[in-house]
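Below are the chains, spelled out letter by letter.
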Amino acid sequence: MTTNAELFETAQTLMPGGVSSPVRAHGSVGGTPVSMVAGDGAWLTDAEGSSYVDLVGSWGPALLGHRHPAVIEAVRSAVDSGLGFGTSHPGEARLASLVRDRVPGAERVRFVSTGTEATMTAVRLARGATGRNIVVKFAGCYHGHSDGLLAAAGSGVATMGLPGSAGVTSAQASETIVIEYNDRGALEQVFAEHGESIAAVITEATPANMGVVPPDEGFNAFIREVTQKHGALMIFDEVMTGFRITEAGYWGASGRVEGWAPDLFTFGKVIGGGLPTAALAGRAELMEHLAPTGPVYHAGTLSGNPVAMAAGAATLENADAAVYAHLDETARTVADALTASLTAAGVDHSLQKVGNLFSVAFGTSESGVSNYAQAGAQEAFRYGPFFHAMLDAGVYLPPSVFEAWFVSAAHDEAAVDRILEALPTAAKAAAQAG
Ligand SMILES: *Cc1c(COP(=O)(O)O)cnc(C)c1O
């Protein structure tokens, strides 16, 4: 048998850090990354044959659980007809219409392969359609790894973004303004100073990449109001929340009820059902600025890939009201047990929860975490020991305190019991961390 450690050692000689995406390397929790070889329902199996309840869900796509029979069947049947043709095919319109049925504002859908590509293209479209350059983003919101959107948090009210990565030029970063999340005053000030030059405000529907951070009551509607007033677009990044928080994403729980819509949506993760597909979508008149109908260029060899379209469509078709009710209930059960275990162990924390997405922050009970500064100031050192205690007990959590926990439709009583049994010991490990 090849061990996880041996696999990771080999991987490091072949790939930077041994991984294809950084968080997988366990940098912030330490120890050896686990190499998974199979998934079934709520469970993962690693290269050593150990099984885990999965609370990562492939970082979101596994809404129905791993190897859902309908999704596997749809993929098999698509594969039987060929892996892709580089032409139009009926599967694209099928998935696009499923998207529009759920999110009526998504009048036109452009498929891409990753969430990064979706937000990057949405930003280009916003600049092309408005003729303006500046994009406003919120500190701690993650919109993929395109250059302009990696701009990091600035301090103060409205700071010109500093490059968030080596290799991002200051010219690119200077066209991104970064402000704190949930800060209405900062948003107003940035528009007072730069209103004529702002193409768009991009925001996560609810931030979940600095841990889960709920928008203050009415904050998204406020972004809508301010952008509208100044002729800027609102890009609602639902790559994580889309088709997960409700059947219509986070917008289904906010904009739909409150009577507003953003100009553009971005989707990823669940929309591909586990295969690489993402999308941007919005009002027809705006989306038609994209090539070939308009002057804003976007293209993709694998965009709208038929196998990925089939996986996404089968996932959405099977994500019915019962699925969302189950996700909400499971998240509530696990989150309640999490906070009860930490409280029993005397660990100061806040449960960060929006619908069925949640995470924990340590040392933050006083006011919870409502922005990136607070997320960064928490006692993050408690998460490593907590994570490893859960892993030892057969529960696979995101290997970073800044990531959301994902439940699935396949998390049944056996899976939830394994989590509940593991929590008290892990809470003690968090208490003893120093
Ligand atoms: C995951 C994520 C992205 C990036 O998607 P990739 O497919 O990883 O490129 C963008 N925005 C949000 C909100 C995300 O959670």
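Peer 1: What exactly am I supposed to notice about the sheet that holds strand β1 (residues 36-40) here?
Peer 2: The four strands are arranged β1-β2-β3-β14 in an open sheet whose pairing can be described as mixed. Edge positions in the sheet fall to β1 and β14 (395-396), since each of these pairs with one other strand and no more. In this structure, strand β2 (residues 43-46) lies alongside strand β3 (residues 51-54), joined through three bridges in antiparallel fashion. Counterpart to L44 in the pairing with β3 is Y52. Sheet contacts for helix α14 (residues 413-432): β2, β3 and β14; angle to β3, the most-contacted strand, approximately 95°.

Peer 1: Would you take a moment to explain the packing of helix α13 (residues 383-392) against α14 for this structure?
Peer 2: Each pair of packed helices gets described by two things: the angle between the helix axes and the distance between those axes. Where α13 meets α14, the axes come as close as 8 Å, and the angle between the chain directions of the two elements is 150°. In this view, α13 runs roughly antiparallel relative to α14, as classed from their interaxial angle. Crossing angle aside, the handedness with which α13 passes α14 is right-handed. In this structure, α13 uses P385, F386, A389 and M390 to contact α14, whose residues at the interface are I419, A422, L423, T425, A426, A427, A429 and A430. Here the contact of α13 with α14 is built from residues that sort into eleven nonpolar, one polar and no charged.

Peer 1: Looking at this structure, how should I read helix α11 (residues 321-344)?
Peer 2: When the terminal C-alpha atoms of α11 are compared, their 35 Å separation across 24 residues agrees well with the 34 Å that a helix rising 1.5 Å per residue should span. V323, Y324, L327, T330, A331, V334, A335, A337, L338, S341 and L342 are the residues of α11 that are buried. On its buried face, α11 sits against α3 (90-102), α10 (306-318), β12 (349-354), β13 (357-362), α13 and α14. G346 lies just past α11 and shows a positive phi near 75°.

Peer 1: Where do I start with the confidence of the model for the protein chain in this structure?
Peer 2: Detailed reading of the predicted coordinates is not advisable wherever pLDDT is low. Residues with a pLDDT of 70 or more make up 97% of the protein chain, whose mean pLDDT is 95. Within the model, the stretch residues 153-161 combines pLDDT values under 50 with 24 contacts to residues more than four positions away or in other chains.

Peer 1: I tried to follow the site of the ligand on my own but got confused; where do I start?
Peer 2: All residues in the neighbourhood of the ligand are listed as T114, G115, T116, Y142, H143, G144, E204, N209, D237, V239, M240 and K269. Between a nitrogen atom of the ligand and a main-chain N or O atom of Y142, the distance comes to 3.2 Å. N209 is positioned such that a nitrogen or oxygen atom in its side chain is 3.1 Å from an oxygen atom of the ligand. Looking at the shell around the ligand residue by residue, the classes come out as three nonpolar, six polar and three charged.

Peer 1: Before we go on, may I ask you to explain the pattern of salt bridges in this structure?
Peer 2: Close approach of charged atoms lets side chains of opposite charge pair. Within this structure, the stated rule accounts for eight salt bridges. Across the salt bridge formed by R283 and D263, the nearest N and O atoms sit 2.5 Å from each other. Of this pair, R283 sits in the loop between β11 (278-282) and α9 (284-287) while D263 sits in the loop between α8 (255-258) and β10 (264-267), and the two are 20 residues apart along the sequence. Classification of D263 by relative accessible area gives buried; the value is 6%. Because the salt bridges share partners, they merge into one network encompassing R224, D263, R283 and E285.

Peer 1: Is there a simple way to explain the environment of L397 in this structure?
Peer 2: Among the structural elements, L397 can be located in the loop between β14 and α14. On the accessibility criterion, L397 (0% relative accessible area) is buried.

Peer 1: Even after reading the chapter, I still don't get the nonpolar core, so can you show me in this structure?
Peer 2: Side chains of a nonpolar character, in soluble globular proteins, are inclined to be buried together. Residues L187, F386 and W405 are the most contacted members of the largest nonpolar core, which totals 106 residues. With nine residues, α11 is the largest single contributor of residues to this core. Other than its neighbours up to four places away in sequence, W405 contacts L55, V334, L338, N356, L357, F358, S359, V360, Y383, F386, L397 and P398. One finds V123, A278, L280 and L286 within the second-largest nonpolar core, a separate group that totals 19 residues.

About the cut-offs
- Residues numbered from 1 in each chain as written.
- Predicted model: local features only at pLDDT ≥ 70, side-chain atom pairs only at ≥ 80, totals over all residues.
- Heavy atoms only, no water.
- Pairing = 2+ DSSP bridges.
- Helix = DSSP H or I, 4+ residues; strand = E, 2+ residues; numbered from the N terminus.
- Contact = heavy atoms within 4.5 Å.
- Axes fitted to C-alpha atoms, helices over the stretch in contact; angles between N-to-C directions.
- Parallel < 35°, antiparallel > 145°, perpendicular 65-115°, else oblique.
- Left-handed = near helix turned anticlockwise from the far one by under 90°.
- Nonpolar A, V, L, I, M, F, W, Y, C, P; charged D, E, K, R; others polar.
- Expected span 1.5 Å × (residues − 1).
- Buried < 20%, exposed > 50% of the residue type's maximum accessible area, 1.4 Å probe, protein only.
- pLDDT = per-residue confidence, 0-100.
- Near = heavy atom within 4 Å.
- Polar contact = N/O pair within 3.5 Å; in protein donor to acceptor, adjacent residues only side chain to side chain.
- Salt bridge = Lys/Arg side-chain N within 4 Å of Asp/Glu carboxyl O.
- Core = buried A, V, L, I, M, F, W, Y, C linked by side-chain atoms within 4.5 Å.

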